[in-house]
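Here is how the chains run, residue by residue.
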Amino acid sequence: MIAALGAKAIEDVVNAGRFGRFAWRSATTSARSCARKSTYPLIWTQMFIIGVNSVPVIMITGAFVGMTLAIQAYDQLAGMGLEEHLGVLINISVVKELGPVLAAVMLAGRIGGALTAELGTMNVTEQIDAVRSMGTDPIRYLVAPRLLACLLLTPVLTIFADLMGVVGGALVSFLQFDINSRAYWMFSASAVALWDVSVGIAKAFFFGGAIAVISCYKGFNCKEGAHGVGQACTDAFVASFISILALDFALAVTFKTIYHIFWPIKSIVT
Amino acid sequence: MEKNTDGNGQGCEKDRGETIIEVRNLTRKFGAKLVLDKINLSVEKGKTTVVIGPSGCGKTVLIKHFIVLQRPTQGEVYFKGNRVDNLSEHELNGVRTHFGYLFQEGALFDSMTVAENIMFPIRQHAKIRDWRQVEEIVKVKLALVGLDGFQN
């Protein structure tokens, strides 16, 4: 039993090392790819697949998040006579947490699964080896365009999700609960600062990177056969989901610390 | 895989003798399974070298070591006298452009057309100004193997 535990621990450490090397190579190669014009057409293609095709599903997700928050929070606030503050609760939750996280989870399912399945199939049919055999770096040709597209477009898609969340929450508040729209927007504007919106968008950048690297890594290392590809897709989604939540926590702590460092300076200036 | 020391075949007499690919004491294990056991082999210029063996004996694994798609557990691989099995992936890209490798299942890029598959290495390594010329060459080459009209 001890031997089995030890073997498992060694295997996990080796896999973590492999993933670390893959992530580092992906990051450095992607940075270099930004300066290569020949990579741009590959990035445009991935941006279309990852970005444009995801807009409807992301907007629907955002809208339902905002609407559901309005339904759930109204009774609590109305009980205290604070129903006009409903916009504060909805909008701060959407732009700082729920918008970025749920958009990223949706992308992990839609984009991450597709990336892993595509690269996994290429792996088991030796197409990745074929790329290597022709003297082309598969990280540069296959991973870098996908990583760059995810890094650039996850924040943009998050803005769409935030926007629809705000609109969805407002519509339910006005039409369902008959809240005064002027008071709703006034309280929201005073509570939601540019910093809150920026934090959400900055988080999305990291989520996009995590989804792309994890999905590509699982695709590159999937086992043979249809079962292997299917298992890799499942693993990629689970790993991406956990990474999104872990990153969300770590980034929330980091941004809060940064905010508390700079808040006194802002107060002095203004 | 049995130990092999030579191949045989035919080719241009003037080209014979120069060793293009050489493996020395090549050993490859997958976990505890020993697939290649101290293989020594030379592939000479101008000769047709054939590797024959039963299914699953490691022929593909051996040939993948020639262009270092797999790294040996032990032993060395040389290309034109230079050791290549210890090169980085980046350094190997230059070496691999000298090889033509046909995979068992074809390994064609299924997201590309026939013409795009043929043009892939040209796109990656050559700085071409007139792509119509390349498309014309692809058309001619496909016609040579009776596939004219199947570019797309």
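Everything discussed here concerns the structure shown above.
Structural notes, computed from the coordinates. Since the model is a prediction, treat every value here as computed from it, not as a measurement. (Residues numbered from 1 in each chain as written. Chains lettered and ligands numbered in written order. Predicted model: local features only at pLDDT ≥ 70, side-chain atom pairs only at ≥ 80, totals over all residues. Heavy atoms only, no water.)

Bringing the overall build of chain A into the picture now. In terms of regular secondary structure, chain A is built from nine helices and zero strands. Split into buried and exposed, the 270 residues of chain A put 45% on the buried side. Long-range pairs, those at least 24 residues apart, make up 85% of the contacts in chain A between residues at least 6 apart in sequence. Within the structure as shown, chain A displays about 13600 Å² of accessible surface, and the carbon and sulfur contribution to it stands at 71%. Considering chain A, the positive charge centre built from 18 side chains and the negative charge centre built from 16 side chains are found 12 Å apart. (Helix = DSSP H or I, 4+ residues; strand = E, 2+ residues; numbered from the N terminus. Buried < 20%, exposed > 50% of the residue type's maximum accessible area, 1.4 Å probe, protein only. Contact = heavy atoms within 4.5 Å. Areas by Shrake-Rupley, 256 points an atom, 1.4 Å probe, with all protein chains shown as cover. Lys, Arg positive; Asp, Glu negative; His and termini not counted. Charge placed at Lys NZ, Arg CZ, Asp CG, Glu CD.)

This part takes up the pattern of salt bridges. Tallied over the entire structure, the rule returns 16 salt bridges over all chains. Where R25(A) meets D137(A), a salt bridge forms, and the shortest distance between an N and an O atom there is 3.1 Å. With a gap of 112 residues between them, R25(A) in helix α1 (residues 2-33) and D137(A) in the loop between α5 (127-133) and α6 (138-176) connect regions that are remote in the sequence. Note that R146(A) and E118(A) form a salt bridge whose closest N and O atoms lie 3.0 Å from each other. One end of the pair, R146(A), is in helix α6; the other, E118(A), is in helix α4 (residues 86-124), with 28 residues separating them in the sequence. For E118(A), a relative accessible area of 34% puts it in the partly exposed group. Within this structure, E126(A), D129(A), R132(A), K64(B), R71(B), E89(B) and R96(B) form a network of salt bridges that share partners. (Salt bridge = Lys/Arg side-chain N within 4 Å of Asp/Glu carboxyl O.)

Quick look at the packing of aromatic side chains now. Two descriptors summarise a pair of aromatic rings, namely the distance from one centre to the other and the angle between the planes of the rings. One pass over the structure, following the stated rule, counts 16 aromatic pairs over all chains. Residues F79(B) and F99(B) carry aromatic rings whose centres are separated by 5.0 Å and whose planes lie at 40° to one another, so their mutual orientation is tilted. Of this pair, F79(B) sits in strand β3 (residues 74-79) while F99(B) sits in the loop between α2 (89-96) and α3 (114-125), and the two are 20 residues apart along the sequence. Given the relative accessible area of 9%, F79(B) is considered buried. Both rings, one in F109(B) and one in F120(B), keep their centres 4.8 Å apart while their planes meet at 50°; by these two values the pair is tilted. Here F109(B), found in the loop between α2 and α3, pairs with F120(B), found in helix α3; they are eleven residues apart in sequence, far enough to count as distant. F120(B) gets classed as buried once you look at its relative accessible area, which sits at 2%. An aromatic cluster is present here, built from F19(A), F22(A), Y217(A) and F220(A) joined pairwise through their rings. (Phe/Tyr/Trp six-rings, centres within 6.5 Å; stacked < 30°, edge-to-face > 60°.)

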